[in-house]
Amino acid sequence: MNIAKYSVNNRVVIWVAVFFSLVGGVFSYTKLAKLEDAEFTLKTALVVTSYKGASPHEVELEVTDVIEQAVQATQGLDFIESESKEGLSIVTVEIKGNKKTAEMPQIWDDLRRKVNDCRIHLPRTAYPMVLDDFGDVFGVFLSLSGDDYSYAELHDYSAMLKRELLTVKGVAKVKLFGTKTESIEINLLSSRMASFGINPGQVIGILNDLNSRWDNGQIDVDGQRIKIRDRSCFKTVDEVGDLVIQDYSKQQIKLKDIAEIKESYQEPVKNLMRFNGKEAIGIGVAMSWGVNVMDVGEDIDKRLEALNAQLPIGLNIEKVYFQSDEVAESNRLFMTNLAESVTIVVVILLLFMGLRSGLLIGSGLILTILATFIVMLAGDIALQRTSLAAIIVAMGMLVDNAIVVTDGALVALQRGHSRRKSALMGAESTIWPLFGATLIAILAFLPIFLAPGSVGEICKSMFQVLAISLGLSWLFAVTQNVLFSDVFLKVSKNSKDKEPFSGKGYKIFERLLMKVLRHRYISLTVILLILIGSLMVFSKVKKPFFVELTKPLVTVNYWLPEGTDIQKVEADIKEIEKYVMGLEHVTSVTAAIGESLPRYILMAEVVKNNSSYAQLLVRTDEFDNLDGVRKKIDSYIKENYPAANEHSKLLLGGPPLEFKVEARFMGPDPEVLHNLADQAKDIMRQEKLAINVRDDWRQKVMTWEPVYNQEKGRRANVTRQQMSIALQTANDGAVVGRFYDGERAQSILLKMVDDTHDQNNQLQYLPVWGGGPTSTILDQVLDGSQMGWEDPVIRRYNRRRSITAQCDPISSDVTGDQLLAKLKDKIEAIPLPEGYYMMWDGEHRKQVEGNENVGAFLPLAIILMMIIIVILFNSFRQTLIIFLMLPLSFIGVANGLFVFDKAFGFMAIVGFLGLLGMVIKNAVVLIDQVNVLIVDKSPLEAVVESAVSRMRPVMMAALTTILGMIPLINDAMYGSMAATIMFGLLFATILTLFVVPLFFCLFYKIKIVD
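On a predicted model such as this, the values are computed, not experimentally measured, just so you know.

Rules used throughout
- Residues numbered from 1 in each chain as written.
- Predicted model: local features only at pLDDT ≥ 70, side-chain atom pairs only at ≥ 80, totals over all residues.
- Heavy atoms only, no water.
- Domains from an automatic or database assignment.
- Contact = heavy atoms within 4.5 Å.
- Buried area = accessible area lost by both parts, 1.4 Å probe.
- Patch = residues over 30% accessible without salt bridge, like charges linked within 9 Å, V, L, I, M, F, W, Y side chains within 5 Å.
- Areas by Shrake-Rupley, 256 points an atom, 1.4 Å probe, with all protein chains shown as cover.
- Salt bridge = Lys/Arg side-chain N within 4 Å of Asp/Glu carboxyl O.
- Lys, Arg positive; Asp, Glu negative; His and termini not counted.
- Charge placed at Lys NZ, Arg CZ, Asp CG, Glu CD.
- Helix = DSSP H or I, 4+ residues; strand = E, 2+ residues; numbered from the N terminus.
- 1 Å grid on protein atoms, 1.4 Å probe; cavity = no way out; pocket = protein on both sides within 12 Å on 5 of 7 lines; lining within 4 Å.
- Points joined across faces, edges and corners; volume = space filled by probe spheres on them.
- Nonpolar A, V, L, I, M, F, W, Y, C, P; charged D, E, K, R; others polar.
- Expected span 1.5 Å × (residues − 1).
- Buried < 20%, exposed > 50% of the residue type's maximum accessible area, 1.4 Å probe, protein only.
- Arc of directions from axis to C-beta.
- Polar contact = N/O pair within 3.5 Å; in protein donor to acceptor, adjacent residues only side chain to side chain.
- Pairing = 2+ DSSP bridges.
- Core = buried A, V, L, I, M, F, W, Y, C linked by side-chain atoms within 4.5 Å.
- Axes fitted to C-alpha atoms, helices over the stretch in contact; angles between N-to-C directions.
- Phe/Tyr/Trp six-rings, centres within 6.5 Å; stacked < 30°, edge-to-face > 60°.
- Left-handed = near helix turned anticlockwise from the far one by under 90°.

Novice: I'd like a description of the domain arrangement of the protein chain, backed by residues and values.
Specialist: Partitioning the protein chain into domains gives domain 1 (1–31 + 354–491), domain 2 (43–134), domain 3 (506–540 + 875–1009) and domain 4 (559–700 + 794–840). Measuring from the centre of the C-alpha atoms in domain 2 to the corresponding centre in domain 4 gives 26 Å. The interface of domain 2 with domain 4 comprises 19 residues on the first partner and 12 residues on the second. Summed over both sides, the interface between domain 2 and domain 4 buries roughly 1500 Å², with carbon and sulfur atoms accounting for 39% of that surface. Per-residue buried area on domain 2 facing domain 4 is highest for Glu60, Glu83 and Phe134; these three make up 32% of the total on that side.

If you want it as structure tokens, here you go:
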């Protein structure tokens, strides 16, 4: 079937298709799901095990090692990381990226079974939990705060907001952050305990007895089964105070006679939140999989507006991060850039190809984009970061087919053919070469689509959108373009019957081409020298795999020495946030103390519970003002808080990185590992490009170790457990039960207040109760005590102990790759004892994995491209000529990135793949023209005339693409891609017009005859 002829003979069909493309495209854009990032599953789960009272070393050996042995047989396991802290084991299980999202529930079930099976090998008091929702993203994160409102009031209102937001359609989960654990605090007074002869163990036993529910069975009365209910559990705080206790003389008293009872919160708190200098509670909203973020965000906005009316004056709901707003802004910027690019392309076409030709080609571009939206809607492809990037890349290729077809029609018109015949000749002569070239351009992105791991999952839509848009551009070029050429296209009377390539520009180009062909070996040498020089230039180009996002957000991680009390951290943060809020351009400051904010965006770093840690999330009015604010914050903290380790960074367009450069050492002995890490840190500190040097085991913490004496303990009738309870109740308190008042559950916290000694702050005088009515002091059951130091955390990687030396580049002008190059040889030269290993982690590891994933199916894509070219030309030599253009196209890329000071990261790689498609397409069409002309002309004439005839369409396609990328060149996200395509295509034009003819003459030994 001749598609071009069908289009001319069936005009109504094409006009209807054009109409529905216009209307349907606009409609589809409004209905397309709009997300911030492509949906994909974080294939990470945590196995969290509480083992109270154990040191990090004990947790590692008794809990972590057992769980790691169990989970290492999990199907699809990539690696295991673990951290053993005081009383807590956290094992991170990472599944290989090639596992599909649909497989993950089964994998997590398998993990749970393995964890459950290993419980018999764990200590009796160790309780493991599998958390497979670690990757949940709370894309809507709100703050509830207000002047003159207590924490209790904030909590009650936040709980109400949580209940209401859970009813919004599309909301999957709502999480409160910065909450405190409510408790009933019972402060036992030691003087009254002693006077009544009451033992704390009695209080604990009676509390557990009266607060527990027991199955009382049923009775049979006349054939009826009647359930027996015991409702003597206490239900109010007053009832707790009325608890009856009998001393050893059988005298009965009430608990309130020997204790102070109040509602309180457990200390120390686990995490706190502040917003713009006020105490706040965070409300994180996670949306269901596959929903339209814009629609759900709008519904949440409406619900919040209604709820605001119910809140008292002064209580405010603020947006910390609102995903639908972010998506709306990114779509607005995209549409602006798209409109600017289309306008530039159309203007260039109008200027250089005439009014009718320009409008004809421009209309095809608009129709292609709108029709792409239709197919995206039908295929459930959302508009998000990667699909938007695909449309931007496609912009450089969508006009190519139409330009070639239109130029062919113009040439035929100038040679005196009718409008219809000219329109058909323009399409029919190139229809299949253009189809093959378009297919090759699509295949250039196949490695991204097939890439294993998260790269393929995230970038799947990029390949889909490019395949759709490029395929449609070819279809419109040989249908709509042909019809429009038949209807609208014409040439001026002066141009008619005139040789199309007799212009001055064509003659200059022909003379230059003949010089290149005549001095072919000199030309070839010059090209090779330029290529070598460009490779040298490329060595100076930055090479981060992931670029920073253009969001006006900076996170500031603030660490005080390990073991610092959370209240000290909070005091520092109050001062810092006051300074930050006074900075120009800062619009909001959110502080999380004790752990990082919940994952509000996929790229956000998550720091788990640590009392010495805090995080600031600072938002500015514009992204361009962010760097200045960040530098001021860094400088202020370094000058005023010398004990702190401060670490600020922007959000990355890829996996979150704690530090950009990380050297991981693995081996059995912690002291040897510390020594190796210290050597690496010394090297990092000596490097002037490195800052924020530290390791991930942090500082050792002080411990006090009482030595229990069994003989003394037996004589005093005091066990180790009773000593432990005495120590715990004298400090933070011991949780001895749960209290439920019909609405909420609260912990029962028991504390002992020593009001009998003036030296109550000295632990040796601490009252310790055994099994009798009297107490003894702690010193009476000890063989003394000692101070010690221990690691606060023991980390392991794939079941080996590991410590990581970490640092960052000194500024955003220095990449992690450049810093690593300075450190690599020196750190790798550190001698490793037998049984110890070193590996590079951080950005380098992610970059290597990303490049390997993208390159995994590159050979397949190249083979498929070669097969298509061989099918088109039935020639190995012509296929080789085309593929020799690919390495040479790197010349423009290297110089473009260097001139614009852009990085060769993921977006630049995407741009380079698009460039390869453009280079191959131009070469295919040119060689096809040579094959057509060589039948009736000499080989040299065929080569030269083909190059001359391709000059205008090649230059027009290059010019429209290069100028169309101008709006993106300063964009932080897409700037490197724009530079890659602009400079790469500039040199690719020279490749097509000069180097392809040169190689053709060399391969076919075509001689120059004067």
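Novice: Lay out a positive patch on the surface in plain terms, naming residues and giving numbers.
Specialist: A cluster of basic residues, Arg213, Lys227, Arg229, Arg231 and Lys235, forms a positive patch at the surface. If you trace the backbone, Arg213 turns up in the loop between α7 (200–210) and β8 (218–221).

Novice: Residues and numbers for empty space enclosed by the protein, please.
Specialist: Within this structure, the stated rule accounts for 7 cavities of 30 Å³ or more. Size it by volume and the largest cavity reaches roughly 50 Å³. Lining the largest cavity are Ile361, Gly364, Leu365, Thr368, Leu398, Val399, Ala402, Ser473, Phe476, Ala477, Gln480 and Asn481. Elements with a minimum of two residues in the lining of the largest cavity: α12 (355–378), α18 (454–477) and α19 (480–488). At 4 residues, the largest contribution of residues to the lining of the largest cavity is made by α12. Within the lining of the largest cavity, the residues separate by chemical class into 7 nonpolar, 5 polar and no charged.

Novice: Any chance you could break down helix α22 (residues 566–581) for me, citing the residues and the numbers?
Specialist: Over its 16 residues, α22 runs 22 Å from end to end, which matches the ideal 22 Å to within 8%, given 1.5 Å per residue. Of all the residues in α22, the buried ones are Ile566, Val569, Glu570, Asp572, Ile573, Ile576, Glu577 and Val580. Looking down the long axis of α22, one finds its buried residues gathered within 165° of arc, a one-sided arrangement. When the buried face of α22 is taken as reference, the exposed residues oriented beyond 90 degrees from it are Gln567 and Lys578. Buried positions along α22 lie against β13 (272–275), β16 (553–559), β17 (586–593), β18 (613–620) and α23 (626–640). N-capping of α22 is provided by Asp565, with a side-chain oxygen placed 2.9 Å from the backbone N of Gln567.

Novice: Lay out the pairing of strand β19 (residues 645–650) in plain terms, naming residues and giving numbers.
Specialist: In terms of residue burial, β19 counts as a mostly covered element, since 6 of its 6 residues are buried. Along β19, one buried face is formed by Asn645, His647 and Lys649 and the opposite face, lined by Glu646, Ser648 and Leu650, is buried too. In the sheet, β16 pairs with β19 via 6 bridges, with the strands oriented antiparallel. Note on β19: the bridge partner recorded for Thr555 is Lys649.

Novice: Tell me about unusual backbone geometry, and name the residues and values.
Specialist: A cis amide bond links Glu267 with the next residue in sequence, Pro268, at an omega value of -5°. Along the polypeptide, Pro268 turns up in the loop between β12 (259–265) and β13. Phi angles above zero are rare outside glycine, and Arg698 is one such case at about 55°. Counting through the fold element by element, Arg698 comes out in the loop between β21 (690–695) and β22 (701–708). Arg698 gets classed as buried once you look at its relative accessible area, which sits at 12%.

Novice: So what's going on with the environment of Asp230? Which residues, and what values?
Specialist: Position of Asp230 relative to the elements: it lies in the loop between β9 (224–227) and α8 (237–241). Considering only alpha carbons, one finds Asp230 and Thr729, 499 residues apart in sequence, at a separation of 31 Å.

Novice: I'd like a description of a negative patch on the surface, backed by residues and values.
Specialist: Taken together, Glu584, Asp621, Glu622 and Asp624 make up a surface patch of like negative charges. Along the chain, the position of Glu622 falls in the loop between β18 and α23.

Novice: Talk me through the nonpolar core; I want residue IDs and the actual numbers.
Specialist: Phe373, Phe445, Tyr600, Leu888, Phe904 and Tyr974 are the most contacted members of the largest nonpolar core, which totals 163 residues. By residue number, the principal contributor to this core is helix α32 (residues 906–933), which donates 18 residues. If near-sequence neighbours (up to four positions away) are discounted, Phe904 is found in contact with Phe538, Val541, Lys542, Lys543, Pro544, Phe890, Val893, Leu897 and Ile909. The next biggest cluster of nonpolar side chains, apart from the first, holds 32 residues, and it includes Met287, Val296, Phe322 and Val327.

Novice: An account of the pattern of salt bridges is requested, with residue identities and associated values reported.
Specialist: Counting across every chain of the model gives 49 salt bridges. For Arg796, the salt bridge identified is with Glu68, shortest N-O distance 2.6 Å. On the criterion of sequence distance, the pair formed by Arg796 in strand β28 (residues 793–797) and Glu68 in helix α3 (residues 56–71) is long-range, its members being 728 residues apart. Classification of Arg796 as buried rests on a relative accessible area of 6%. Since its relative accessible area comes to 0%, Glu68 is described here as buried. A salt bridge links Asp109 to Arg112; its shortest N-O distance comes to 3.9 Å. Of this pair, Asp109 and Arg112 both sit in helix α4 (residues 104–117), 3 residues apart, which is roughly one turn of that helix. Residue class for Arg112 comes out partly exposed when judged on its relative accessible area of 28%. Where salt bridges share partners, they join Glu60, Asp65, Glu68, Arg796, Arg799 and Arg801 into one cluster.

Novice: Please give an account of the sheet that holds strand β23 (residues 734–740) that cites residues and values.
Specialist: The strand order across the open sheet built from 4 strands is β12-β7-β24-β23, with neighbouring strands paired in mixed fashion. Each having just a single partner strand, β12 and β23 make up the two edges of the open sheet. Neighbouring strand axes in the sheet, compared pairwise and without regard to direction, differ in orientation by 30° on average.

Novice: Which residues make up the packing of aromatic side chains, and what are the values?
Specialist: This model, assessed by the stated rule, comprises 23 aromatic pairs. A ring pair is formed by Trp432 and Trp474, whose centres lie 6.2 Å apart and whose planes are at 35°; its orientation type is tilted. Pair noted here: Trp432 is in helix α16 (residues 431–443) and Trp474 is in helix α18, with a separation of 42 residues, a long-range link. Classification of Trp474 by relative accessible area gives buried; the value is 7%. The structure contains a cluster of three or more aromatic residues connected by ring pairs, namely Phe538, Phe890, Phe904 and Phe912.

Novice: Tell me about a nonpolar patch on the surface, and name the residues and values.
Specialist: A cluster of nonpolar side chains, contributed by Val12, Val16, Phe19, Phe20, Leu22, Val23 and Ile366, occupies part of the molecular surface with about 650 Å² of accessible area. Note that Val16 resides in helix α2 (residues 11–31). Given the relative accessible area of 37%, Val16 is considered partly exposed.

Novice: Which residues make up the packing of α22 against α23, and what are the values?
Specialist: Across the interface, α22 lies against α23 with an axial gap of 11 Å and an inter-helix angle of 145°. Of the two possible hands of crossing, α22 and α23 adopt the one that is right-handed. Between α22 and α23, the contacting residues are Glu575, Ile576, Tyr579 and Val580 on the first element and Lys632, Ile633, Tyr636 and Ile637 on the second. A class-by-class count of the residues in the contact of α22 with α23 yields 6 nonpolar, no polar and 2 charged.

Novice: A description of the side chain of Asp791 should follow, citing residues and the corresponding values.
Specialist: Summarising the element assignment, Asp791 is placed in the loop between β27 (782–790) and β28. Despite its burial, Asp791 remains without a salt bridge, the nearest opposite charge being carried by Lys700 at 4.6 Å. Separated by 2.8 Å, the side chains of Asp791 and His674 make a polar contact. Ignoring sequence-local partners within four residues, the contact set of Asp791 consists of Pro56, Pro670, His674, Trp697 and Lys700.

Novice: How would you sum up helix α20 (residues 504–518)? Please name residues and give values.
Specialist: For α20, built from 15 residues, the straight-helix expectation of 21 Å at 1.5 Å per residue is met to within 8% by its first-to-last C-alpha distance of 21 Å. Tucked inside the fold, the buried residues of α20 contact α21 (520–538), α33 (939–964) and α34 (975–1003).

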